[in-house]
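Single-letter residue listing:
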Amino acid sequence: MILYNFADQRLACVVIFQCWPKEVLSHFSLAAGNHHRYTQYVDLEDPQALEDMAYAYLRYRRPKIGVFMDLNCNQTVRVIEKTSQIRFFNQHYHWLIYDERSDMPRFYNLFKNSNLSVDTDLTYMVPKVEHQIEGGEGGNRNRSYFVAFDVYNNGWLIGGKLNISSNYELSCGAEGCFKSKYLTDLHKRSVSGNREALRDVTMRVAVVVTRYDLNAPPEEINNFLLTQEDFHIDPLARLGFQVLRLLQESLYTKVSYTYYDRWTDVEYTGGIVGSLVNETADLTSAPFFMSANRFRFLSSLAATGDFRSVCMFRTPRNSGMHGGVFLEPFSTKVWILFGCILILAGVLLWLAFFMEYHEMERYIRTYIPSLLTTCLISFGSACAQSSFLIPHSWGGRMAFISLSIITFIMYNYYTSVVVSSLLGSPVKSKIRTLRELADSDLEVGLEPLPYTYTYLNFSSLPDVQYFVRTKILSKKNSESLWYSASDGITKMRQKPGFVFVFETSTGYNLIERLYDAHEICDLNEILFRSDTLLATHLHQNSSYKEIVRMKIIRILETGVHSKHRRQWVRTHLNCFSNNFVINVGLEYTAPLFLMLLCGYGLVLILLLLEIMWNRWEMKQERKTPEY
């Protein structure tokens with residue numbers, strides 16, 4: 001019976017707590033060796049056998065080991081007490097407890113106050129009395145019959161009661177054992193499937209709520225967390241709490257809440273994370289992200305949220321002149337080639353006028369325009385200006401028409417590209433990374449969140465450290481950099497160029513509520529930290545890991561979680577093209593006025609030089625004697 005039980009569980013490492021005679025022990029050792037079982041024997045008649053029992057017999061680095069205990073030995077009560085203290089009645093140990101006397105009341109009294117858990121793997125085996133065997137005295141006398149019971153507790157520490165369920169009958173003989181009858185339908189489901197209803201326990205839940213008075217009555221706090229209004233206030237905490245209520249209903253359990261104003265102080269201390277680490281809470285109301293230090297205490301079950309922190313600002317309108325927009329339609333090579341074409345056209349026009357003056361008498365020409373004048377005509381055509389001088393010859397007119405067509409095509413292409421670049425879409429900043437933001441002269445504000453403090457203080461990324469040095473530590477009064485979400489987003493709207501660092505689940509809701517549609521299109525976004533999945537966690541030693549994982553996956557599969565997430569968390573901002581209101585500010589028109597000013601300045605200088613040159617020539621003529 002013992003060997004069959006461990007073979008059925010596919011266990012090769014077994015610890016035997018027994019008080020058998022040497023002959024029986026020797027016979028069993030030989031049989032265990034033939035079945036390839038690594039077996040360690042503990043004599044319960046030895047008073048020293050249970051010293052440091054956990055490290056001596058049960059601390060094996062294996063996924064699961066088997067433990068057999070003869071309940072009729074003298075020190076079994078002590079073994080049960082020690083095992084209960086060190087919490088070894090769990091899924092990592094398959095316990096087989098045999099009671100020769102079939103004393104169910106005694107077994108119940110021994111285990112009713114033991115620290116059993118919902119994932120306990122304990123089989124209570126008793127021999128079947130002869131009058132219960134089918135056939136009575138006519139039955140098979142060469143076989144032994146046993147009855148197996150499944151034993152567990154939904155959580156003794158939180159009010160669970162001992163549960164003992166009939167499982168199957170076992171028939172054993174010289175040729176081996178087999179399950180002769182199933183007494184219940186436990187075999188039709190997995191262990192977790194049989195124990196998914198936790199009706200007799202009250203689970204301890206750590207609830208985070210950062211935007212509400214924790215001194216308020218619990219009913220008032222719960223009503224705030226369950227309301228469907230003001231999505232910008234504490235969305236992650238409220239989303240997590242509402243999903244927790246779904247989990248509570250699927251577990252059929254009662255809960256008691258403890259409220260905290262933060263997720264954590266530093267990594268794994270304080271807040272709901274700290275309460276889960278020190279095992280004062282069984283569940284948390286909201287998910288959080290995993291870190292290397294948290295892996296030492298916690299296990300991640302399923303991704304139930306995401307975290308995104310960004311730097312956002314409206315494009316500043318006074319950040320310098322952007323004259324490059326008027327050169328961008330053509331590359332440098334195209335500009336040079338176009339200039340050469342205009343010069344060549346000016347030369348051809350000058351040749352046409354020259355030929356008309358000297359060779360074609362039917363065309364009356366009183367003078368020949370200079371080469372500078374014909375080049376000016378060519379440039380004027382490129383600027384969509386007419387000319388007071390037009391060749392009379394067929395060749396000259398064809399050259400002028402060709403010039404007009406070329407410049408017409410270039411002019412229209414140029415103006416369409418410039419207009420589309422200025423008015424076709426919102427102007428975006430060229431700042432794309434955190435380092436470029438740190439190098440800029442833009443003012444920065446941050447939302448005072450615990451994970452933002454932690455990220456700035458402990459991140460090893462060079463860009464983050466550089467950002468802290470240039471934008472935070474360099475300020476005389478660093479406390480003035482911290483704004484509430486509503487204040488920071490309002491200032492970001494009123495002052496283009498002000499950069500606000502916030503968490504998107506809160507900020508996006510506020511932006512959609514406070515901003516006009518065209519103002520949303522004007523926003524620039526820089527990722528402050530990489531996107532991180534938030535997961536539901538339990539303590540590594542929690543006995544509810546498998547059951548809670550199954551329930552959460554079921555909630556995710558049904559789409560109920562997605563419905564709540566779409567309602568509470570905004571993942572992007574919508575910008576509609578028909579809502580653009582583009583203001584072409586001074587930074588784009590200033591280069592044009594500057595060019596006009598420089599042109600008039602150059603003209604004035606040339607005019608003065610020309611006047612001075614003319615006066616000098618007149619003086620020279622007066623000095624020259626006439627003959």
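By convention here, each chain's residues receive numbers from 1 onward along its written sequence. Predicted model: local features are reported for residues with pLDDT of at least 70 only, side-chain atom pairs are reported and counted for 80 or more only, and whole-chain, interface and lining totals are derived from all residues. Only hydrogens and water are set aside when side-chain values are computed; all heavy atoms of the structure are taken into account.

Draft legend 1. Layout of the overall build of the protein chain. When its secondary structure is counted, the protein chain shows 21 helices and 15 strands. Buried means the residue's accessible area, taken with a 1.4 Å probe over protein chains only, is under 20% of the maximum for its type, while exposed means over 50%, and partly exposed covers the values in between. Counting only residues that meet the buried cut, the protein chain has 43% of its 627 residues in that class. Put simply, 74% of the contacts in the protein chain that link residues at least 6 apart link residues at least 24 apart. When the accessible surface of the protein chain is totalled, it reaches about 34,500 Å², and 57% of it is carbon and sulfur. Under the DSSP-based scheme used, a helix requires at least four consecutive residues in state H or I and a strand at least two consecutive residues in state E, with every element numbered from the N terminus. It only takes one pair of heavy atoms within 4.5 Å for two residues to be counted as in contact. The protein chains shown are the only cover counted for residues, whose accessible areas, like all others here, come from Shrake-Rupley with a 1.4 Å probe.

Draft legend 2. The arrangement of the sheet that holds strand S5 (residues 121-127) in detail. Two strands pair if DSSP finds at least two bridges between them. As summarised here, the arrangement of the 8 strands in space is S2-S1-S3-S4-S5-S6-S7-S8, forming an open sheet in which the pairing is mixed. Every other strand in the sheet has two partners, leaving strand S2 (38-43) and strand S8 (176-182) as the edge strands with one partner each. For this sheet, the mean angle separating the axes of adjacent strands, direction not counted, is 25 degrees. Direction of pairing for S5 relative to strand S6 (residues 144-153): antiparallel, over a ladder of 6 bridges. Angular values range over 0 to 180 degrees, each being the angle between N-to-C directions of two axes fitted as lines to C-alpha atoms, with helices fitted over their stretch in contact.

Draft legend 3. View of the state of the cysteines. We call a pair of cysteine sulfur atoms a disulfide whenever their separation is within 2.5 Å. In this structure the tally under the stated criterion is 2 disulfides. The disulfide that involves Cys19 links it to Cys73, with 2.0 Å between the sulfurs. Handedness here is read from the sign of the S-S torsion; for Cys19 and Cys73, about -85 degrees, the answer is left-handed. On the criterion of sequence distance, the pair formed by Cys19 in the loop between strand S1 (13-18) and helix H2 (22-34) and Cys73 in the loop between strand S3 (65-70) and helix H4 (76-85) is long-range, its members being 54 residues apart. Using a relative accessible area of 24% as the deciding quantity, one classes Cys19 as partly exposed. Each disulfide pairs two cysteine sulfurs, and for Cys172 the partner residue is Cys177, the sulfurs being separated by 2.0 Å. Taking the sign of the torsion about the S-S bond as the criterion, the disulfide between Cys172 and Cys177, at about 115 degrees, is right-handed. We note that Cys172, like Cys177, is buried.

Draft legend 4. Main features of the sheet that holds strand S11 (residues 283-284). If you walk across this open sheet you meet the 3 strands as S10-S9-S11, and the pairing is parallel. Strands with a single pairing partner mark the edges of an open sheet, and in this sheet they are strand S10 (254-260) and S11. Here strand S9 (residues 202-208) runs beside S10; their pairing, made up of 7 bridges, is parallel. Bridging from a neighbouring strand, Met203 pairs with Val255 of S10.

Draft legend 5. The pattern of salt bridges, seen in detail. Take a side-chain nitrogen of Lys or Arg and a carboxyl oxygen of Asp or Glu: if they are within 4 Å of each other, that pair is a salt bridge. With the rule as written, the count across this model stands at 22 salt bridges. Across the pair Glu279 and Arg87 runs a salt bridge whose closest N-O atoms are separated by 3.1 Å. One end of the pair, Glu279, is in the loop between helix H9 (271-277) and S11; the other, Arg87, is in the loop between H4 and strand S4 (93-98), with 192 residues separating them in the sequence. Looking at Glu279, the relative accessible area reads 28%, which means it is partly exposed. The exposure class of Arg87 is partly exposed, given its relative accessible area of 35%. Taken together, the salt bridges that share partners define one network made up of Asp261, Arg262 and Asp265.

Draft legend 6. Representation of the pairing of strand S14 (residues 499-503). Summarising burial for S14: 5 of the 5 residues are buried, a large majority. Burial of the side chains of S14 extends over both faces: Val499, Val501 and Glu503 are buried on one face and Phe500 and Phe502 on the other. With 4 bridges joining them, strand S12 (residues 298-314) and S14 adopt antiparallel strand pairing. Within S14, the residue paired with Ser309 across the bridge is Glu503.

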